[in-house]
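Each chain, written out:
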Amino acid sequence: MQNVSRVAVMLFLFFAVMLIGSIPAFAQVDLTGVWNPNVQDEDNPERLQGPSLVEFVGLPINDQARVWGLSYRSSRLSLSEHQCQVHVVEYIHRGPMAMRMWEERDLITGQLIAIHENINTYEQFRTIWMDGRPHPSEYAPHTWMGFSTGVWEGNMLTVTTTHVKQGWHRRENIPASDEVTVIEHYVKHGNTLVHISVTEDPIFLAEPLIKSEDFTLSADPNNFNPFWPCEYTDEGEFARGTVPSYFAGENPYVAQYAAEHNLPQEVTLGGAETMYPEYRTKVKSLPVAVYPPAAAATPATPAPAAPRGGGAAPAPAGGGRGAATPAGGRGQ
Amino acid sequence: MKNLFLKISTFAAVTVFASAAFAVLISAQQPQIRTPRQMPMPANPDFSKLEVQTLHVQGNIHLIAGAGGNIVVQAGDDGVLMVDTGYDKMSDKVMAALKKISTKPIRDIVLTTLADDHTGANEVFVKAGSVNQAGPGLGGRPNTADLIGSGDLLRIMTEIGPDKISVNRWPPKTFLTPRMDFYMNDEPVIIMHIPEANTGGDSMVWFRRSDVVVTGDIFDETSFPHIDLEHGGGINGIIEGLNQLLEITVPKHLQEGGTMVVPGHGRISDEHDVLEYRDMVTIIRNRVQNAINKKMTLAQIKATKPSYTYEYELRFGNNKAWTPEMFVEAIYKSLTAAKP
């Protein structure tokens, strides 16, 4: 009898410890409030003036994304259907944005059903479902913010997002495909919120793209401008069906950013290798880019777009109507 | 006392270990969630293993996917209108899915293109339906559903001949004008013929109140657009169709939602998805045209590295029955073909 009760006590203790061990999974942090961005460090250029053209450094892009980026003319964004294009969810937290977050709870049980985000850049609303519902079918539409589900891992909110539209990993000229999956982590430390995103893209990334941003809780919850109106205007700049793009080897701005920052061309073409500290050694052995090129001429035949490590053969500046501006395209 | 301490320590160690193992087991059991890839259906699928999915698009419009090309069902008090019928061998599964959407009779079937995966089950669904009238159907035919297609589609089918494509798949109800329209289930239905697209007989179907356009293979979320040169297809017709789509579609808010688009294959889309696809097809066409202008041969174009479709191949180049090389070759031949 004594053995039986000892076993019972041991079992009780065993499951009690198991339960205690799993408590962090149920620990929930209230993220409610208006969060303002702390614009600094690596996310400063993304949030403010925007990156330069062919500034792919530090992005784990693959060759396909690079070729896409080198053929890109930022005047494509002046096509009426592109003018109100939104930052996709894997990018928007580096928009010049603030966000309001709030909870949706079951009125009877108090169970957390969803966490909502209103991101004031492009008036985006996002729902992070916390009720365990499945992600949609492969035939379901994709949206700018995608379909998100969240779980608590300790006091960290981890969100998985699928079904996002095609957008960009770097504003405008490095594409993000519509097959990305975004894993985000929200960690609250007092009045500071750290947002970490891990983006997987089987189409345009060689390795996951990992980014982080900080936000500060606003003392005034009413200090939030939710409006970002956008109405497209067709000024007749382009003939019907025109899609501005450079032919391979004819982008005149390939070397500009590299030369202005005394960088080798290869560095600015990005790739997973450029993310790691060891790459600094290699950078020192590469020649610095020159811009504008001394005597460039339009190639007789379409030359290959810049391969990784091979640099580009910049064509003459003055790409004609719709040429990319050196400062890059949209600033926000 | 020492013995008790040992027991507690052992118990604690075992419990912590078991707890960790339990946690690992649980986390390992949670499936990784990833965005599903938009992959084309295999050329010769095992039909017994294929399943269809039904999704409500918006308004009166539903999508039945997985039976070949996308099948669209408009359902209402007037009955059922289908756009395309899928593979013949999937007709039982499609019929079962259709009955869950509506038990009303099938009145009309509109064809977007020629391919088997869009028109294979025409006969089954025509026979299963009936026109909304007493007596015989069109031209004294049995009272079955009307099968509608462009006049050019019927012409192409007749040219192919009944040995290769049964007369029961031919659309007896045709139109020779750029558009045909009628009213069904409380909304205008507008059929727009797009000449020289995937074939010479393609059409898109626009449900104006539901605000949905069904494109056929002019817009394909799983592949570069197929160009059937033998049956009147051409790259510029496809681009024209895509540009017409952009003129019809209206986004609801910041380039999202609003008019929804059902492609020939793959997921439900909207204007922005069409836009990115139109941009891609136009850019590739322009590259080939630029090479033709520079007197490059097809062999030189094919040998160019990176290829003219390079940056789009991981997304749209997975169709073994319609490879990027085949697409580029078809563009070249389409652009260099002598016009009558």
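In this text, all values refer to a predicted model and were calculated from it rather than measured experimentally.

A.B. asks: Could you give an account of unusual backbone geometry, naming the residues involved and the relevant values?
C.D. replies: Of note, the amide linkage connecting Tyr291 of chain A to Pro292 of chain A takes the cis form, showing an omega dihedral of -10°. Topologically, Pro292 of chain A is positioned in the segment after helix H7 (279-283). Residues Lys305 of chain B and Pro306 of chain B are joined by a peptide bond in cis, for which omega reads -10°. Phi at Gln255 of chain B is positive, roughly 65°, even though this residue is not glycine. Examined against the element boundaries, Gln255 of chain B turns out to sit in the loop between helix H6 (235-248) and strand S12 (260-262).

A.B. asks: Could you give me a rundown of the confidence of the model for chain A, with the residues and numbers involved?
C.D. replies: Mean pLDDT over chain A works out to 84, with 79% of the residues at or above the 70 mark. Throughout residues 21-25 of chain A the model reports pLDDT below 50, and contacts reaching past four residues in sequence, or to other chains, amount to four contacts.

A.B. asks: Describe in detail the pattern of salt bridges, supporting the description with residues and values.
C.D. replies: Considering all chains together, one arrives at 31 salt bridges over all chains under this definition. Note that Lys49 of chain B is salt-bridged to Asp46 of chain B, the shortest N-O span being 3.9 Å. A residue is classified by how much of its surface remains accessible, and Asp46 of chain B, at 39% relative accessible area, is partly exposed. In this structure, Lys302 of chain B engages Glu329 of chain B in a salt bridge whose closest nitrogen and oxygen atoms are separated by 2.5 Å. Within this pair, whereas Lys302 of chain B is found in helix H8 (residues 298-303), its partner Glu329 of chain B is found in helix H10 (residues 324-336), the two being separated by 27 residues in sequence. Its relative accessible area of 39% is what places Lys302 of chain B among the partly exposed residues. Here the residues in one salt-bridge network are Lys165, Asp178 and Glu179 of chain A together with Arg37, Glu221, Arg267, Asp270, Asp273 and Arg315 of chain B, joined through shared partners.

A.B. asks: Tell me about the nonpolar core, and name the residues and values.
C.D. replies: The biggest cluster of nonpolar side chains holds 95 residues, and the ones touching the most others in it are Met99 and Tyr186 of chain A together with Leu242, Val288 and Phe327 of chain B. Tallying contributions element by element places helix H7 (residues 271-293) of chain B first for this core, with 10 residues. Setting aside anything within four residues of it in sequence, one finds Met99 of chain A in contact with Gly33, Val34, Trp35, His93, Glu117, Asn118, Ile119, Tyr186, Leu193, Phe215 and Phe224 of chain A. Membership of the second largest hydrophobic core comes to 31 residues, among which are Leu50, Val52, Ile64 and Leu114 of chain B.

A.B. asks: So what's going on with the environment of Ser285 of chain A? Which residues, and what values?
C.D. replies: Residues and elements named next belong to chain A. Among the secondary structure elements, Ser285 is positioned in the segment after H7. Judged by relative accessible area, which is 57%, Ser285 ranks as exposed. Along the primary structure Ser285 and Pro264 are separated by 21 residues, whereas in three dimensions their C-alpha atoms are 9.0 Å apart. A polar contact is formed between the side chain of Ser285 and the backbone oxygen of Lys282, at a distance of 2.6 Å.

A.B. asks: Report on the confidence of the model for chain B, specifying residues and quantitative values.
C.D. replies: Residue and element names in this part refer to chain B. Per-residue pLDDT for chain B averages 92, and the proportion of residues at 70 or more is 90%. With pLDDT under 50 throughout, residues 24-30 is counted as low confidence; its partners more than four residues away or in other chains account for zero contacts. Model confidence for the complex is summarised by a pTM of 0.88, with the ipTM given as 0.91.

A.B. asks: I'd like to hear about the sheet that holds strand S9 (residues 181-189) of chain A, residue by residue, with values.
C.D. replies: All names here are of chain A. With respect to topology, nine strands assemble into a closed barrel ordered S1-S2-S3-S4-S5-S6-S9-S10-S11, the strand pairing being mixed. On average, adjacent strands in this sheet sit at an angle of 30° to one another, irrespective of strand direction. Pairing of strand S5 (residues 147-153) with strand S6 (residues 156-162), which is carried by seven bridges, proceeds in the antiparallel orientation. Each bridged residue has a counterpart across the sheet, and for Ser148 the counterpart in S6 is Thr161.

A.B. asks: An account of the sheet that holds strand S5 (residues 106-110) of chain B is requested, with residue identities and associated values reported.
C.D. replies: Residues and elements named next belong to chain B. As summarised here, the arrangement of the seven strands in space is S1-S2-S3-S4-S5-S6-S7, forming an open sheet in which the pairing is mixed. In the strand order of this sheet, the two ends are held by strand S1 (53-58) and strand S7 (173-175), each with one partner. Geometrically, the sheet is characterised by an average inter-axis angle of 25° between neighbouring strands, direction not taken into account. Running over the sheet, helix H2 (residues 91-101) touches S1, strand S2 (61-65), strand S3 (71-76), strand S4 (79-83) and S5 and is turned about 160° from S2. Lying over the sheet, helix H5 (residues 151-160) contacts strand S6 (146-150) and S7, oriented at roughly 95° with respect to S6.

A.B. asks: Describe the interface of chain B and chain A, listing the residues and the values that go with them.
C.D. replies: Listed per partner, the contact involves 56 residues of chain B and 62 residues of chain A. Between Lys165 of chain A and Asp270 of chain B there is a salt bridge, with the nearest N and O atoms lying 2.6 Å from each other. For the interface between chain B and chain A, the tally reads 24 residue pairs in polar contact (both at pLDDT 80 or more). Counting only elements with at least two residues in the side of chain B that touches chain A, the list comes to helix H1 (2-29), S1, S2, H6, H7 and helix H9 (313-316) of chain B.

A.B. asks: Describe the side chain of His118 of chain B, naming the residues involved and giving the relevant values.
C.D. replies: Residues and elements named next belong to chain B. Relative to the assigned elements, His118 resides in helix H3 (residues 116-119). Exposure remark for His118: the relative accessible area of 0% places this residue in the buried category. Side chain to side chain, His118 and Asp217 meet in a polar contact 2.8 Å long. Non-local contacts of His118, meaning those with residues more than four positions away in its chain, are made with Gly69, Asn70, Asp84, Thr85, Gly86, Thr112, Thr113, Asp217, Gly264 and His265.

What counts and how
- By convention here, each chain's residues receive numbers from 1 onward along its written sequence.
- The naming scheme follows written order: chains are lettered A onward, ligands numbered 1 onward.
- At least 70 in pLDDT is required for a residue's local features to be given in this predicted model, at least 80 for side-chain atom pairs to be given and counted, and no such filter applies to totals for whole chains, interfaces and linings, which use all residues.
- Excluding hydrogens and water, the side-chain figures rest on all heavy atoms present in the structure.
- Strands here mean DSSP runs of E at least two residues long; helices mean DSSP runs of H or I at least four residues long; both are numbered from the N terminus.
- The score called pLDDT rates the predictor's confidence residue by residue, from a low of 0 to a high of 100.
- Residue contacts are counted whenever heavy atoms from the two residues lie within 4.5 Å of one another.
- Take a side-chain nitrogen of Lys or Arg and a carboxyl oxygen of Asp or Glu: if they are within 4 Å of each other, that pair is a salt bridge.
- Buried means the residue's accessible area, taken with a 1.4 Å probe over protein chains only, is under 20% of the maximum for its type, while exposed means over 50%, and partly exposed covers the values in between.
- Residues belong to a common nonpolar core when they are buried Ala, Val, Leu, Ile, Met, Phe, Trp, Tyr or Cys residues joined through side-chain atoms within 4.5 Å.
- Distance and chemistry together define a polar contact, namely a pair of N or O atoms within 3.5 Å, with one atom able to donate a hydrogen and the other to accept it when in protein, and with adjacent residues in sequence counting only for side-chain atoms on both sides.
- Strand pairing follows a simple DSSP-based rule, namely that at least 2 bridges must link the two strands.
- Throughout, an axis means a line fitted to C-alpha atoms (over the contacting stretch in the case of helices), and angles, computed between N-to-C directions, take values from 0 to 180 degrees.

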